Amino acid sequence: MVQSATFSLERYGQETRTRVDQALAEATDFDPDCPAQLREAIRYSLLAPGKRLRPMLVLMAAEACGGNVDSALPAACAVEMVHSYSLIHDDLPAMDDDDLRRGRPTCHKAFGEGVAILAGDALLALAFEVLARDVRPPAVAAQCCAVLAQAAGATALVGGQADDLAGEFSAASLATLESIHARKTGAMFLASLRLGALVAGASDDQLRALIAYGERLGLVFQITDDLLDVRGEETAMGKRTGKDSGRGKLTFPGILGIDESVRRAESLVLEACAALEPLGSRAEALQALAHYVLERNH
Ligand code: GRG
């Protein structure tokens, strides 16, 4: 975990997790019209111990642009809800067919496929309810809804997943691999930064800096995800490892080799941090997060 004389990502991460998790728990404290098992499945997946990287990006981006972090909390919750829905659906037998997620049985293993599909559906809907209702002013809420919908939709998250399902991954060049990842994972990283910027009323220059950072961070995340799949510990990861390479899926280490993948990730982190320069010292947390994404063990 990155630590400087003035900034501890570990402390920041713990504080953020507490605030975000409390807000997520409140947002899913449904009235009795929500069936008990559905409520349990939603909270089982959403409140499971994930890293909360995307909510952190929302809050850090708002802070870096001089905004009020509390006002960004609904957007932080909304991105985690969409992320959680995508993990539940991705783990289903019709998709990646996984039985372990965040160190526990996947949602469909614990509650059955039907309930897991519905839990994901409900989380996707709830994300937009929270944005539309809790982001202020309403014009910014509408922009946030559009940004998140685009990132979750057919040209981004769902499109990347569709290409993955269609087997594009195994026949891919480096460019196709990057294109699938940019949509499957990068788009949600970028959306998180954009939401933080929107809530903070960021200038065009600030937004440009965040986007340049986010594009690089998304790639670093994916390269380290592939490296962890090759050499990560299943216990630390909380999910099956060796899966992508074992299935013949194209990965960064598969194309570039492990050493070159590590070098590429390191230089992307430097570029990501350099892109933050126009934001000054308020972007310290984002800098620390980029180093964490490179050095993480899960
Ligand atoms: C089903 C619409 C739909 C999309 C699925 C995001 C995704 C697309 C699939 C997730 C499968 C996966 C393992 C992708 C690789 C990168 C990724 C998103 C990993 C999980 O994100 P982390 O590491 O997870 O931030 P935590 O649990 O820490 O939140």
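Before reading further, recall that the structure is shown in the block above.
Residues numbered from 1 in each chain as written. Predicted model: local features only at pLDDT ≥ 70, side-chain atom pairs only at ≥ 80, totals over all residues. Heavy atoms only, no water.

Moving on: the site of the ligand. Taken together, 19 residues surround the ligand, and among them K51, R54, H83, D90 and R102 come closest. R102 is positioned such that a nitrogen or oxygen atom in its side chain is 2.7 Å from an oxygen atom of the ligand. Elements with a minimum of two residues in the shell around the ligand: α4 (73-90), α8 (157-165), α9 (174-200) and α10 (204-231). Class assignment for the residues of the shell around the ligand results in five nonpolar, seven polar and seven charged. (Near = heavy atom within 4 Å. Polar contact = N/O pair within 3.5 Å; in protein donor to acceptor, adjacent residues only side chain to side chain. Helix = DSSP H or I, 4+ residues; strand = E, 2+ residues; numbered from the N terminus. Nonpolar A, V, L, I, M, F, W, Y, C, P; charged D, E, K, R; others polar.)

The bulk of non-glycine residues show a negative phi, and the bulk of peptide bonds are trans. Residue P137 is bonded to the preceding R136 through a cis peptide linkage, with omega at -10 degrees. When you line up the elements, P137 lands in the loop between α6 (113-134) and α7 (138-152). In this structure, R52 takes a positive phi of about 60 degrees despite not being glycine. With respect to the helices and strands, the residue R52 is situated in the loop between α2 (36-46) and α3 (53-64). The phi dihedral of D97 falls on the positive side, at around 55 degrees, and the residue is not glycine.

Turning to the nonpolar core, a few remarks are in order. Grouped together as the largest cluster of nonpolar side chains are 93 residues, with contacts concentrated most on M81, L210, Y213, L286 and L289. Per-element accounting of this core gives the leading share, 11 residues, to α9. For L286, the residues in contact, after removing those within four places along its chain, are L57, M60, A61, A64, L193, L210, Y213 and L276. (Core = buried A, V, L, I, M, F, W, Y, C linked by side-chain atoms within 4.5 Å. Buried < 20%, exposed > 50% of the residue type's maximum accessible area, 1.4 Å probe, protein only. Contact = heavy atoms within 4.5 Å.)

A separate point is the side chain of D164. Turning to its location among the elements, D164 is positioned in helix α8. Look at D164 and you get buried, because its relative accessible area is 11%. Those residues in contact with D164 that sit more than four places away from it in its chain are F169, K184 and K249.

Another aspect to go through is the packing of aromatic side chains. If you walk through the whole model with that rule in mind, you get three aromatic pairs. Seen from their ring centres, Y44 and F111 are 5.2 Å apart, and the 75 degrees between their planes marks the pair as edge-to-face. A residue pair is termed long-range when its members are at least 10 positions apart, and Y44 in helix α2 and F111 in helix α5 (residues 107-111) qualify at 67 residues. Accessibility expressed as a relative area gives 13% for F111, which makes it buried. (Phe/Tyr/Trp six-rings, centres within 6.5 Å; stacked < 30°, edge-to-face > 60°.)

Looking at the element boundaries, S71 is found in the loop between α3 and α4. For S71, a relative accessible area of 33% puts it in the partly exposed group.

This part takes up the pattern of salt bridges. Enumeration over the complete set of coordinates arrives at 17 salt bridges. Between D70 and R19 there is a salt bridge whose closest N-O contact spans 2.1 Å. With D70 in the loop between α3 and α4 and R19 in helix α1 (residues 9-27), this residue pair connects regions lying 51 residues apart in the sequence. Look at R19 and you get partly exposed, because its relative accessible area is 32%. Here R208 ties to D205 by a salt bridge, and the two come within 2.6 Å at their closest N and O atoms. Of this pair, R208 and D205 both sit in helix α10, three residues apart, which is roughly one turn of the helix. One continuous salt-bridge network, built from bridges that share partners, spans D21, R52, E80 and R102. (Salt bridge = Lys/Arg side-chain N within 4 Å of Asp/Glu carboxyl O.)

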